[in-house]
Amino acid sequence: MNIIIGSGEKVSVIASKLSDSLIVDRNPESAANLEFKGFNVLNADASDAEILSKFDASSRLILADDDEFNLKVARVAKTLGFEDIVAISLDESKCSIYDREGVKKICNTIDNLLNLLLERDRYIEIPVGSEFEGMELKEFDPGEDCTVVSVFRDGKVLQPHPEMIVQRGDTLGVICGEEVRVSKNPFNAILILERGQRDDEIVVEAEMLAKRFSASIIVFQKKGNAYACNLRGYSDKIELEEAIDILKKSDELDLIVTSLEEKNEGALKNLISRFPTLLVTGKTDYRKILAIANSKCPDKIINMAKAFSRFFGNVKVLLLEKEQLKHFSKFTETELEVKVSEGNPMVDAIKEFKSGYDLTILSIKNDLGNIDRDILWKMILDKNTSVLVVD
């Protein structure tokens, strides 16, 4: 059994991917909301030994609250005999503390946590023989959902790049899994959310993307009180909040393409909590793409930048802190132009954004780089660039 300790969207994402799960949420309002959504929820304080003792100690504990509370629960759990304890934390400085408490793994993103629990990542090494000798790395196909992360040559580890010529005797380090799929081809199913606003632009851009990514398109419309897919010609306006409630129940979608005419932070956050959301301007191609890494954990932004670089060519990534460079060490088999802000991150972001891009990728969290929230919304609602917003 998976016992998930925490509140809100974070634990709902984890629980939706793991069978036989119980959420223990100490927040009554959040617990009621999660229960309403259909999750198995107990409203209780998991740091209370009396509560934890009710569960089988062979269960897996997934700690997804704040670090202080996670550690408090971990200490209690260890006294009760729990051994399989996993924590998700955004503060790397806490790693040594978790280790001392006997928490085996620390993951800084939900995707990493799920990869660990579902064992979706695997690492293999492929020796280069005569059949691959002289081939550029971009021509080498390591298999579906796989990418080359290292090249071992003459006792040295080399960083791979698309134009690297592989040699006989090389060993290619290959990683396979869900995160690789996202960086290679993130969209298998694209949903067009028509709202009676700029619907022609939505369709044009969505069809362009579907063609590039070989994705299927689902059209979401409303006729009277009924919702339907792949039906055209109805003028009934879909209320965004109504659509979100239905869309969140789907596991078949990868991207929402829609429009947003005015600031509606609550609705956009609701959409993005489940799907990356593209706010369109009717582009028929993306000749210039910018990714602004305005998140403390920019993996989603970087993975999207890598995916788009495979299908549209060069993408510029603006890192707002040098520390973010470590996030590029996982997968480097792509063409990305990386720029690190050396002055005021907000000024650099605005200047780069205004230099003219067809697509901008950024995070709704906006918790890095001191970018003013009003400035962020001016970017999101800009009529000259389409904007892909991730969590």
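This section reports on the structure supplied with the text. (Residues numbered from 1 in each chain as written. Predicted model: local features only at pLDDT ≥ 70, side-chain atom pairs only at ≥ 80, totals over all residues. Heavy atoms only, no water.)

## Description of the overall build of the protein
- Each helix and strand in the protein was counted, giving 13 helices and 20 strands.
- Scored against the burial criterion, the 391 residues of the protein give a buried share of 51%.
- Put simply, 64% of the contacts in the protein that link residues at least 6 apart link residues at least 24 apart.
- Total accessible area on the protein stands at roughly 18,200 Å², and carbon and sulfur atoms take up 47% of it. (Helix = DSSP H or I, 4+ residues; strand = E, 2+ residues; numbered from the N terminus. Buried < 20%, exposed > 50% of the residue type's maximum accessible area, 1.4 Å probe, protein only. Contact = heavy atoms within 4.5 Å. Areas by Shrake-Rupley, 256 points an atom, 1.4 Å probe, with all protein chains shown as cover.)

## What about helix H2 (residues 28-36)?
- Looking only at H2, the buried set comprises Ser30, Ala31 and Leu34. Seen along its axis, H2 keeps its buried residues to an arc of 100°; they face one direction. Those residues of H2 that are exposed and angled more than 90 degrees off the buried face are Pro28, Glu29, Glu35 and Phe36.
- Positive backbone phi, approximately 105°, marks Gly38, located one or two places after H2. (Arc of directions from axis to C-beta.)

## Quick notes on the pairing of strand S19 (residues 359-363)
- By the criterion of burial, S19 is predominantly enclosed, with 5 of the 5 residues buried.
- Alternating positions in S19 separate into two faces, Leu359, Ile361 and Ser363 on one and Thr360 and Leu362 on the other, with burial throughout.
- Alignment of strand S16 (residues 289-293) against S19, held across 3 bridges, turns out to be parallel. Bridging from a neighbouring strand, Ile289 pairs with Leu359 of S19.
- Here S19 pairs with strand S20 (residues 386-390) via 5 bridges, running parallel. Bridge pairing in S20 places Leu362 opposite Val389.
- For the crossover from S19 across helix H13 (residues 373-380) to S20, the handedness is right-handed. (Pairing = 2+ DSSP bridges. Right-handed = clockwise from strand over helix to strand, strands pointing away.)

## A few points about H13
- Buried within H13 we find Leu376, Trp377, Met379 and Ile380. Down the axis of H13, the smallest arc covering the buried residues is 155°, so these residues share one side.
- The secondary structure elements touched by the buried residues of H13 are helix H10 (265-272), strand S15 (277-279), S16, helix H12 (345-353), S19 and S20.
- Between a side-chain oxygen at the N-terminus of H13 and the backbone nitrogen of Asp374 the separation is 2.9 Å; the capping residue is Asp372. (Polar contact = N/O pair within 3.5 Å; in protein donor to acceptor, adjacent residues only side chain to side chain.)

## Describing the environment of Val315
- You can see Val315 is positioned in strand S17 (residues 315-319).
- In sequence terms Val315 and Tyr286 are 29 residues apart; their C-alpha atoms lie 9.8 Å from each other.

## A short note on the nonpolar core
- Ranked by size, the top nonpolar core spans 34 residues in total, and within it Leu209, Leu278, Tyr286, Phe308 and Ile361 carry the most contacts.
- Here this core gets 7 residues from one element, more than from any other, and that element is helix H8 (residues 199-213).
- Discounting chain neighbours no more than four positions away, the residues touching Ile361 are Ile289, Leu290, Ala291, Ile292, Ile301, Met304, Ala305, Phe308 and Leu388. (Core = buried A, V, L, I, M, F, W, Y, C linked by side-chain atoms within 4.5 Å.)

## A word on the pattern of salt bridges
- One pass over the structure, following the stated rule, counts 16 salt bridges.
- Across the pair Asp65 and Arg26 runs a salt bridge, and its minimum N-O distance is 2.9 Å. Here Asp65, found in the loop between strand S4 (60-63) and helix H4 (67-79), pairs with Arg26, found in the loop between strand S2 (21-25) and H2; they are 39 residues apart in sequence, far enough to count as distant.
- Note on Asp65: relative accessible area 14%, which makes it buried.
- The partner of Asp84 in a salt bridge is Arg60, and the shortest N-O contact between them spans 3.5 Å. (Salt bridge = Lys/Arg side-chain N within 4 Å of Asp/Glu carboxyl O.)

## Considering the packing of H10 against H13
- For the pair H10 and H13, interaxial distance at closest approach is 13 Å and the crossing angle is 70°. Viewed along their axes, H10 and H13 adopt a mutual orientation that is roughly perpendicular. Crossing of H10 against H13: the hand is left-handed. Between H10 and H13, the contacting residues are Glu265, Leu268 and Lys269 on the first element and Arg373, Trp377 and Ile380 on the second.
- When the residues that make up the contact of H10 with H13 are grouped by side-chain class, the tally is 3 nonpolar, no polar and 3 charged. (Axes fitted to C-alpha atoms, helices over the stretch in contact; angles between N-to-C directions. Parallel < 35°, antiparallel > 145°, perpendicular 65-115°, else oblique. Left-handed = near helix turned anticlockwise from the far one by under 90°. Nonpolar A, V, L, I, M, F, W, Y, C, P; charged D, E, K, R; others polar.)

## Describing the environment of Phe55
- Residue position: Phe55 is located in the loop between helix H3 (49-52) and S4.
- Among the residues examined, Phe55 registers a relative accessible area of 16% and is labelled buried.
- Separated by 25 residues in the primary sequence, Phe55 and Leu80 have C-alpha atoms spaced 9.8 Å apart.
- Once residues lying within four places of it in the same chain are set aside, the contact partners of Phe55 are Ile3, Leu22, Val24, Leu42 and Phe82.

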